[in-house]
Amino acid sequence: MGEAAEQASGFHVTTTRKHLITAALPLQDHWLPLSNLDLLLPPLHVSVCFCYKKPCNITNSVANETLKTALAETLVSYYAFAGEIVTNPTGEPEILCNNRGVDFVEAVANVDLRELNLYDPDESIALLVPIKKHGVIAIQVTQLKCGSIVVGCTFDHRVADAYSMNMFLISWAEISRSDVPISCVPSFRRSLLNPRRPLIIDSSIDQMYMPVTSLPPSQETTDPDNILASRLYYIKADALDELQTLASGSKILKRTKLEAFSAFLWKLVAKHAAKDPVPTKNSKLGIVVDGRKRLMDQKTNTYFGNVLSIPFGGQTIDDLINKPLSWVTDEVHRFLESSVTKEHFLNLIDWVETRRPVPAVSRIYSTGSDDGPAFVVSSGRGFPVNQVDFGWGSPVFGSYHFPWGGNAGYVMPMPSSVDDRDWMVYLHLTKGQLKFIEEEASHVLKPIDNNYLFF
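The structure presented is a predicted model; accordingly, all values stated were derived computationally and were not measured. (Residues numbered from 1 in each chain as written. Predicted model: local features only at pLDDT ≥ 70, side-chain atom pairs only at ≥ 80, totals over all residues. Heavy atoms only, no water.)

A.B. asks: Tell me about the environment of L20, residues and numbers included.
C.D. replies: Along the chain, L20 turns up in strand β2 (residues 11–21). What makes L20 partly exposed here is its relative accessible area of 45%. When the C-alpha atoms of L20 and M165 are compared, they prove to be 20 Å apart, with 145 residues separating the residues in sequence. Those residues in contact with L20, other than ones at most four positions away along the chain, are R100, G101, V102 and D103. (Helix = DSSP H or I, 4+ residues; strand = E, 2+ residues; numbered from the N terminus. Buried < 20%, exposed > 50% of the residue type's maximum accessible area, 1.4 Å probe, protein only. Contact = heavy atoms within 4.5 Å.)

A.B. asks: Tell me about the sheet that holds strand β5 (residues 84–87), and please be specific about residues and values.
C.D. replies: If you walk across this open sheet you meet the three strands as β3-β6-β5, and the pairing is antiparallel. Among the strands making up the open sheet, the edge pair consists of β3 (30–33) and β5. Across the sheet, the mean angle separating the axes of adjacent strands is 40° when strand polarity is ignored. As judged from the four bridges shared by β5 and strand β6 (residues 93–97), these two strands associate in the antiparallel manner. Bridging across to β6, E84 finds its partner in L96. (Pairing = 2+ DSSP bridges. Axes fitted to C-alpha atoms, helices over the stretch in contact; angles between N-to-C directions.)

A.B. asks: Lay out the pattern of salt bridges in plain terms, naming residues and giving numbers.
C.D. replies: Enumeration over the complete set of coordinates arrives at 23 salt bridges. Across the salt bridge formed by R334 and E331, the nearest N and O atoms sit 2.7 Å from each other. Residue R334 and its partner E331 are located together in helix α8 (residues 325–337), separated by three residues, close to a single helical turn. With relative accessibility at 48%, the residue R334 sits in the partly exposed group. Since its relative accessible area comes to 13%, E331 is described here as buried. One network of salt bridges, in which partners are shared, links E92, R197, E353 and R356. (Salt bridge = Lys/Arg side-chain N within 4 Å of Asp/Glu carboxyl O.)

Function cannot be read off these values alone, since they describe shape.
Now the structure itself:
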């Protein structure tokens, strides 16, 4: 949080310089509408963070200049990130591509890399990513006491999903290394997500999404165990394989690791809910699905924007606890199956069109505690942690950070920077759930520490 002298967990982050980085080539001002799928996102900010050992071949000041110069060149292709979100006459957000530029903060922190408590990102990563105040994306580069570098970005989710952000990160790194032309040229072709004419109405979408005008009031909690917090864990490859085998039962075709892990976590959340003095009867699980492969051919899978849906399922706490993991995994597979189709995404685009300009949101985002525990799993397995090399080596650590503000929890598994067969898992759940999961599943989910990361 790079505004001057923040403190948490014993270290300060102090801003030393501020810049506004614009695209290296002049751009014609123009408006870029948000697609119907972008409009399903509330104004949320997503952060991502990469830690690098002290560069051996260049000074940190040269590293900063490299990052700024490469960013200016990257913004020529990724011009939406150099613009700003404005409201159009109908009250909907749009991107004004005016080359306003990206706020770029240089900072220092009086902490060594090995002293960062990355297990608790609310007390570490949260200080090393910027608070975005203007524009679409903000960047903070922090030099640690040991000379290590941390590159943090915070972007507006209405403009980009993780797939789009990953493309940008790879391109920025390629240009920094003079590895051009870039491998991912973004496409802003909004016509790929145009509604059909005539519109086709699928009432089942009403079970997944709702107008924001129907959102229940936000529920404040005084119980410390019900406060949402973020934690980072790792799962070894052999533990993932074992989980997948258990979840697949006797099936010849194995369930995916994501389905198996999601079901495993769902059972744990249900077991924790059953301990409550006034236990709830149901629980919901949502899984974020990327529609690019369903809607677009190989040539247009560099589409920049949101192409997401969040199907979810609900089960009784009793069934989730008492049925085997393979049964719960089958239920996860079942509700996913209906939403990983081209038809589902076309129906969703048409559904949004019928409700504009009233914004809509996923129902599971706003699921309150009265409905039972709910959480969303978003696969970050495409997170390019080992590709974000700006010229001084791959990061020794990288993670998304997304305390998203909904009533439901949020979970993101990502490849580990140590071994890409392992997973690193970002969990944003209640403190009570996190404590219970650590007690019950320490054989699978292990807190991130320096021993694992080899700091």
